[in-house]
Amino acid sequence: MNYFRQLVIAVLHPGSGSGSALDRTNGIAVFLFAILPGLSPNFNGFILLGSMLSGIYLLATARFPLNFSKSDRAVAICMTIYPLVMIASIFINPPYSEVADWIFRLLPFFSIWLILPRMRQSPDGRLVPLFILGAGIGMIVTFLVSLLQIMFLMERAEAGTSNAALLGIIGLLFGGVALLNVQSPKSVEQRIAILGYAAGLGCVLLSGTRSAWLAIPVHLVILLWYFRKHSFHLSSRSLAITGSLLFAGLIALGSGQIIHRIHALQENMAALERSEGEITSLSARVALYKGALSAISKDPLTGYGPQNRMASVLAELPDSMRPYLTFSHVHNGFLTAGIDAGVVGIAALSLLLLTPLIAAWKKEPGPGRDLSMALALLLTSSYIVTGSVGIMFNQKALDPIFAYMVALICLDRGSTVFTPVV
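In the nomenclature of an unreviewed UniProt entry, the protein is known as O-antigen ligase family protein of Rhizobium mulingense.

Below, the structure is given as structure tokens:
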């Protein structure tokens, strides 16, 4: 309990000085942002919007300068291209009845201009460790909620997200982020890191999100690359024993969900081979992909605008299938961008996905750069792998998470050394 008392002091009372109030609110915002995604992702949007509004006020009143480095500007410009392309596609393609709604949805991608200067009012190396620690704590609590849902006979765990697929993506990403805290010299933070990673994997398994399962080996490669470069304070034997026990426990706990989802996939594939017109999860995706590719080939330059997305896809499909395809996207982020804004939209999306890597790569060599690169690889791979067969952007939880994490990746210098929160 003494550690958690010290943690509260570290978050709420970081120090004194002219910037201490901003540093304190930065710390609280970052810590809560890392804890909440699996419990109530809407609050992540509120935190981002509040940070943007306060950033506008503080910049307008000259409380601090814009303070963008050359690499910051490059990342911010690359990130801004995507929403500008989407807004252009909205105005090129009528009707205009949903213009305000779609522009509001795209606001998170402009946020880096407002929240990064504010984050820079905190000392180097303070906010990123808070985010990593918060991710571990948040995943542990989210897993417990997910476990209760499965115990009360929910088919797939959702925690506080109201969407099993969303929980799978959040568990994958934030579980991987949590494990980075194994490098902390504090034993409590190490335990939170290991339990947070196991809890994140537990959320992925209990959610039944097969696309997130595919990304787990990718994350393992990223984490192994990072830890090979940076020593941590656990013995290899202790880590191997602990990891093996947790892995065995997760497999035992999630075996029912794993078997159920594999059987469902096998049944979907059998139904697809029968070609009897049966609509399953797999056949719906195949139909959406075919419709999207056909629509893109007819208007590859400007697309149809996000407001006409599904109407343009469904127009390419047989009348008998349309009533069963009640989706808001085509379950592939790149095809969705192509429908919205043509090949320019796909290019803008690809550039957006590269912004975390650009932000990390442009730092000077050092431990801060390596940590930023690990965060960037975890973030980008999570969105690409899961978004290639499911949700990517245009989502009220995933858009703020991506934008906020890009700002955090930009934040510290490459020479910044990792320090524990307490």
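Now, onward.
Participant: Mind showing me how you'd approach the nonpolar core here?
Facilitator: Nonpolar side chains tend toward joint burial in soluble globular proteins. Among the nonpolar cores identified, the biggest contains 106 residues, and Tyr-383, Phe-393 and Tyr-404 are the most heavily contacted of them. Per element, the largest residue contribution to this core is twelve residues, and it comes from helix H16 (residues 398–411).

Participant: Explain unusual backbone geometry to me, please; I cannot follow it from the model alone.
Facilitator: Trans is the common state for peptide bonds, and a negative phi is the common state for residues other than glycine. Cis geometry is adopted by the peptide bond preceding Pro-95, which originates at Pro-94 and carries an omega value of 5°. Within the secondary structure layout, Pro-95 lies in the loop between helix H4 (70–92) and helix H5 (99–105). Look at Asn-394: it is not a glycine, yet its phi comes out positive at around 60°. Within the secondary structure layout, Asn-394 lies in the loop between helix H15 (367–387) and H16.

Participant: Can you help me understand a nonpolar patch on the surface in this one?
Facilitator: Where nonpolar side chains cluster on the molecular surface, the patch consists of Leu-49, Leu-53, Ile-56 and Phe-104 and spans about 380 Å² of accessible area. When residues of the nonpolar patch are assigned to their parent elements, the largest contribution, three residues, is made by helix H3 (residues 42–60). Topologically, Phe-104 is positioned in helix H5.

Participant: Whenever I open this one, the packing of helix H2 (residues 20–35) against H16 confuses me. Can you help?
Facilitator: Relative placement of two packed helices is described by the angle separating their axes and the distance separating the axes. Running from amino to carboxyl end, H2 crosses H16 at an angle of 135°, the nearest separation of the two axes being 12 Å. In this view, H2 runs oblique relative to H16, as classed from their interaxial angle. Pair H2 / H16 crosses with left-handed handedness. For the pair H2 and H16, the contacting residues are Ala-29, Val-30 and Phe-33 in the first and Pro-400, Ile-401, Tyr-404 and Leu-408 in the second. In terms of residue class, the contact of H2 with H16 is built from seven nonpolar, no polar and no charged.

Participant: What should I look at first to understand the packing of aromatic side chains in this one?
Facilitator: The geometry of two aromatic rings is summed up by the distance between their centres and the angle between their planes. Enumeration according to the criterion identifies 13 aromatic pairs in this entry. Seen in terms of ring centroids, Tyr-82 and Phe-109 are 5.2 Å apart; in terms of plane orientation they differ by 75°. Their pairing is edge-to-face. In this pair, Tyr-82 sits in helix H4 while Phe-109 sits in the loop between H5 and helix H6 (112–119), placing the two residues 27 residues apart along the sequence. For Tyr-82, a relative accessible area of 2% gives the class buried. Cluster of aromatic residues (ring-pair linked, three or more members): Tyr-82, Phe-109, Tyr-383, Phe-393 and Phe-402. For the cation-ring pair, Arg-105 lies above Trp-102, with the distance from its terminal atom to the ring centre recorded as 4.1 Å. The ring of Trp-361 has Arg-369 lying over it, and the distance from NZ or CZ to the ring centre is 4.6 Å.

Cut-offs used in this document
Residues numbered from 1 in each chain as written. Predicted model: local features only at pLDDT ≥ 70, side-chain atom pairs only at ≥ 80, totals over all residues. Heavy atoms only, no water. Core = buried A, V, L, I, M, F, W, Y, C linked by side-chain atoms within 4.5 Å. Buried < 20%, exposed > 50% of the residue type's maximum accessible area, 1.4 Å probe, protein only. Helix = DSSP H or I, 4+ residues; strand = E, 2+ residues; numbered from the N terminus. Patch = residues over 30% accessible without salt bridge, like charges linked within 9 Å, V, L, I, M, F, W, Y side chains within 5 Å. Areas by Shrake-Rupley, 256 points an atom, 1.4 Å probe, with all protein chains shown as cover. Salt bridge = Lys/Arg side-chain N within 4 Å of Asp/Glu carboxyl O. Axes fitted to C-alpha atoms, helices over the stretch in contact; angles between N-to-C directions. Parallel < 35°, antiparallel > 145°, perpendicular 65-115°, else oblique. Left-handed = near helix turned anticlockwise from the far one by under 90°. Contact = heavy atoms within 4.5 Å. Nonpolar A, V, L, I, M, F, W, Y, C, P; charged D, E, K, R; others polar. Phe/Tyr/Trp six-rings, centres within 6.5 Å; stacked < 30°, edge-to-face > 60°. Lys NZ or Arg CZ within 6 Å of the ring centre and 35° of its normal.

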